[in-house]
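Listed here are the chains, written in short residue letters.
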Amino acid sequence: MVQRIREWIEIRTGISELVRSQLIGYMVPRNINIFYSLGIVAFVAYIIQAITGIFLLIYYAPHEDHAFKSIQLIMNTVPYGWLFRLMHVVGSNLMVAVVFLHMLSVFFLQAYKKPRELTWVIGALMSLITLTFCLSGYLLPWSQLSYWATTIVTTMPTAFPVIGDFFTKLLRGGEQVSGVTLNRFFAVHVAFLPPLMLILFGIHIFLVCRIGFSSPPFGKVIEERKEWKEFRPESYPDGHPFYPYFFSKEAFMIFLYFLAMFFIISFAPALFLPADANTPADPLNTPEHVRPEWYFLAPYQMFKLIPNKFLGIILQITLVILFILWPFFDRLKENNILKRPRLLVLFLGVLSLWAVLTIWGSY
Amino acid sequence: MKRRRFLKLLTSILGVSALSAFTYPILRFLTPLKAKGKGESIIIAKREIPIEGAKDLVIGGVPAVLINRKDKGYIILSKVCTHLGCLVKYDKEKLLLICPCHAGSFDLEGNVVSGPPPKSLEKFQFRIEGDNVRIG
Ligand code: HEM
Ligand code: FES
């Protein structure tokens, strides 16, 4: 029976040929390591967000009078509502972490070098979209924390002369963060960003499949890198088949991701939900110590430290553009970062600066 | 090859059991919450409803009507038509409950008089307590 169903599908789709050519026939470099699986983990993390998010939509009410209550309902009354909410909340934080790690490892492995500049650019845009997801989702519970953190973030553009005020009003749909803002952020979070993310992901993964994985530049480097004068997929004379060799590494990392998620849900469920997250939003009363989520602390602290707000925002915009277009600034062929002391120092310097600003920002 | 088969099996078992562990939470999550007001009792003063008068109620989320019938006393019927779920209306002149969707009609016992509905309207229990009608 199973055999017959298989044959029926096989005749009409030719799946086994696809598996043979795309999974088993798809080669990965022999010395590929676990860091190359972070991209897949980021994708799985995104899928988890999408699924749990759809579940939350079943009970969530995007209205200033009902949003907070509907979240309370999900947490306290709906059977297993807490599970899906916590998976979504913890997952959003873990996803940011995974995307950061993926990006750092791509940088460290210098995988953005020719011919993979576009892959980097699309990836950088996806990381910004990930952060926008977090930002817009943060307001939705309509708690004190979400209300005031959003107020802070949406005030930042006003540092920009002339268009800044306009931009802030556009974001908020009015002078203050209000029910109108909630509806805007809701639309962005559930309807605007998801298709955008999927399109970018499609391009990202298309490029990775088309060009092939980069080889780690460390250890025994296989051959002199050839100049890319025309399109050709990367070849690995002594490579491994993607399935099962690399697939098993990916499966392992995905298990690790779930492990981290359920560890936090089981042993530190309130990690990302402090007291202000359980108090309804009060537009006339700012709580003490409002600060953004951990991944926004570094830019937030930097913004606070620079006395001239305009300068601060210009600097941040410049850094973001530099980040997106980085492969076009770094055009040297050498792809072993250990042989490029200045780049290494820059890399470690930016990392430590980020860490210092984050820690500083949390006090 | 044996080792690979073992690993494959182990991964599949772990993966499938992890995923299927979500079935129960998902089913529970989707089951309807207790309707608001279920289990609460409703009290209506008799004088609110004259003879042959009626009053609309919602009992445990179900729209219903309380009718004070001449000679036969009170009755509470669900307004949900047994055909395809539209809400019937009490017609004071004809002394019938008439469905606006496909013209099904019921008498004041809830029995089908004409039209497509397959069975009688659901009845609700109540008690008379002095000057009041009490449901639940
Ligand atoms: C939303 C999050 C992202 C997802 C879902 C994602 C997904 C993936 C996947 C599945 C791969 C192939 C496997 C791998 O090398 O890990 C990949 C490769 C790559 N990603 Fe991402 N990515 C994301 C964000 C980023 C970011 C933020 C950057 C950099 C700014 C980036 C740059 C790259 C590059 C250059 C490669 C090619 C690596 C190579 O061929 O060795 N990605 N990504
Ligand atoms: S639904 Fe009432 S008659 Fe069809």
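None of the values given here were measured: they were computed from a predicted structure.

## Structural notes on the interface of chain B and chain A
Right, on to step 1. Between chain B and chain A, the residue contacts involve 14 residues of the former and 16 residues of the latter.
Right, on to step 2. Taken over both partners, the interface formed by chain B and chain A buries close to 1300 Å², and the fraction arising from carbon and sulfur atoms is 84%.
Right, on to step 3. It is Phe22, Phe29 and Leu33 of chain B that lose the most area in chain B upon contact with chain A, and together they represent 50% of the buried surface on that side.
Right, on to step 4. For the pair chain B and chain A, the interface holds one residue pair in polar contact (both at pLDDT 80 or more).
Right, on to step 5. Of all elements in the fold, only α1 (2-20) and α2 (23-30) of chain B reach the threshold of two or more residues within the side of chain B that touches chain A.
Right, on to step 6. Looking at the side of chain B that touches chain A, the element that brings in the most residues is α2 of chain B, giving six residues.
Right, on to step 7. Split by residue class, the side of chain B that touches chain A holds eight nonpolar, three polar and three charged.

## As for the site of ligand 1
All names here are of chain A.
Right, on to step 1. Near ligand 1 lie 26 residues; those nearest to it are Tyr36, His102, Gly123, His204 and Ser214.
Right, on to step 2. Between ligand 1 and Arg116 there is a distance of 3.3 Å, counted from an oxygen atom to a side-chain nitrogen or oxygen.
Right, on to step 3. Interatomic distance of 2.7 Å between a side-chain N/O atom of His204 and a nitrogen atom of ligand 1.
Right, on to step 4. The residue makeup of the shell around ligand 1, split by class, is 17 nonpolar, eight polar and one charged.

## Looking at the nonpolar core
Across soluble globular proteins, nonpolar side chains show a tendency to be buried alongside one another.
Residues and elements named next belong to chain A.
Right, on to step 1. Judged by nonpolar contacts, the single largest core of 56 residues is most densely connected at Tyr60, Trp142, Tyr257 and Met261.
Right, on to step 2. Of all the secondary-structure elements, those providing two or more residues to this core are α3 (38-57), α4 (67-76), α5 (81-108), α6 (117-139), α7 (144-155), α9 (179-211) and α10 (242-267).
Right, on to step 3. Excluding its chain neighbours within four sequence positions, the residues that come into contact with Met261 are Ile48, Met87, Val90, Gly91 and Leu94.
Right, on to step 4. Membership of the second largest hydrophobic core comes to 13 residues, among which are Phe107, Trp120, Ala124 and Leu344.

## Quick notes on the packing of aromatic side chains
Right, on to step 1. Going through the model one piece at a time under the given rule, you end up with 33 aromatic pairs over all chains.
Right, on to step 2. Summarising the aromatic geometry, the rings of Phe55 of chain A and Phe29 of chain B are spaced 5.6 Å apart at their centres and angled 85° between planes, so their arrangement reads as edge-to-face. A residue pair is termed interchain when its members come from two chains, as with Phe55 of chain A in helix α3 and Phe29 of chain B in helix α2. Of the two residues, Phe55 of chain A and Phe29 of chain B, neither departs from the other in class, the shared state being buried.
Right, on to step 3. Pairing Phe263 of chain A with Phe267 of chain A gives two aromatic rings, centres 5.0 Å apart and planes at 50°, and the pair type is tilted. Placement of the pair is Phe263 of chain A and Phe267 of chain A together in helix α10, with a separation of four residues, close to one helical turn. Each member of the pair, Phe263 of chain A as well as Phe267 of chain A, is classed as exposed.
Right, on to step 4. Taken together, the ring pairs connect Phe107, Phe108, Tyr112, Trp120, Phe218, Phe323, Trp326 and Phe347 of chain A into an aromatic cluster.
Right, on to step 5. The lysine or arginine in question, Arg12 of chain A, covers the ring of Trp8 of chain A, its NZ or CZ lying 3.9 Å from the ring centre.
Right, on to step 6. Lys309 of chain A extends its terminal NZ or CZ atom over the ring of Phe303 of chain A, reaching a point 5.2 Å from the ring centre.

## Examining the packing of α3 of chain A against α9 of chain A
Residues and elements named next belong to chain A.
Right, on to step 1. Contact pair α3 / α9: the axes reach a minimum separation of 12 Å and the direction vectors enclose 150°. As far as their axial angle goes, α9 and α3 are roughly antiparallel. In terms of crossing hand, the pair formed by α3 and α9 is left-handed. Of α9, the residues touching α3 (which contributes Phe43, Tyr46 and Leu57) are Phe186, Val190, Pro194, Met197, Leu198 and Phe201.
Right, on to step 2. Among the residues making up the contact of α3 with α9, the classes are represented as nine nonpolar, no polar and no charged.

## As for unusual backbone geometry
Residue and element names in this part refer to chain A.
Right, on to step 1. A cis amide bond links Lys114 with the next residue in sequence, Pro115, at an omega value of 5°.
Right, on to step 2. For Pro115, the location among the structural elements is in the loop between α5 and α6.
Right, on to step 3. Cis geometry is found at the peptide bond from Tyr243 to Pro244, where omega equals 0°.
Right, on to step 4. Position of Pro244 relative to the elements: it lies in helix α10.
Right, on to step 5. Unlike most non-glycine residues, Tyr80 shows phi in positive territory, near 60°.

## So, the side chain of Thr151 of chain A
All names here are of chain A.
Right, on to step 1. Checked against the element boundaries, Thr151 lands in helix α7.
Right, on to step 2. When its relative accessible area of 14% is taken as the criterion, Thr151 is described as buried.
Right, on to step 3. Apart from the residues within four sequence positions on either side, Thr151 is in contact with Arg172 and Val177.

## Points about the coordination of the iron atom of ligand 1
Around a metal, the ideal angle is 109.5 degrees if four donors adopt a tetrahedral arrangement and 90 or 180 degrees if six donors adopt an octahedral arrangement.
Residue and element names in this part refer to chain A.
Right, on to step 1. Taken together, the protein donors to the iron atom of ligand 1 comprise His102 (NE2) and His204 (NE2), at separations of 2.1 Å.
Right, on to step 2. Bound by six donor atoms, the iron atom of ligand 1 shows angles of 81 to 179° at the metal and therefore octahedral coordination geometry. Separated by 102 residues along the polypeptide, His102 in helix α5 and His204 in helix α9 bring together distant segments of the chain.

Calculation rules
Residues numbered from 1 in each chain as written. Chains lettered and ligands numbered in written order. Predicted model: local features only at pLDDT ≥ 70, side-chain atom pairs only at ≥ 80, totals over all residues. Heavy atoms only, no water. Contact = heavy atoms within 4.5 Å. Buried area = accessible area lost by both parts, 1.4 Å probe. Polar contact = N/O pair within 3.5 Å; in protein donor to acceptor, adjacent residues only side chain to side chain. Helix = DSSP H or I, 4+ residues; strand = E, 2+ residues; numbered from the N terminus. Nonpolar A, V, L, I, M, F, W, Y, C, P; charged D, E, K, R; others polar. Near = heavy atom within 4 Å. Core = buried A, V, L, I, M, F, W, Y, C linked by side-chain atoms within 4.5 Å. Buried < 20%, exposed > 50% of the residue type's maximum accessible area, 1.4 Å probe, protein only. Phe/Tyr/Trp six-rings, centres within 6.5 Å; stacked < 30°, edge-to-face > 60°. Lys NZ or Arg CZ within 6 Å of the ring centre and 35° of its normal. Axes fitted to C-alpha atoms, helices over the stretch in contact; angles between N-to-C directions. Parallel < 35°, antiparallel > 145°, perpendicular 65-115°, else oblique. Left-handed = near helix turned anticlockwise from the far one by under 90°. Donors = N, O, S within 2.8 Å, 3.2 Å for Na, K, Ca; no water. Tetrahedral: all angles 85-135°; square planar, octahedral: opposite > 155°, others 65-115°.

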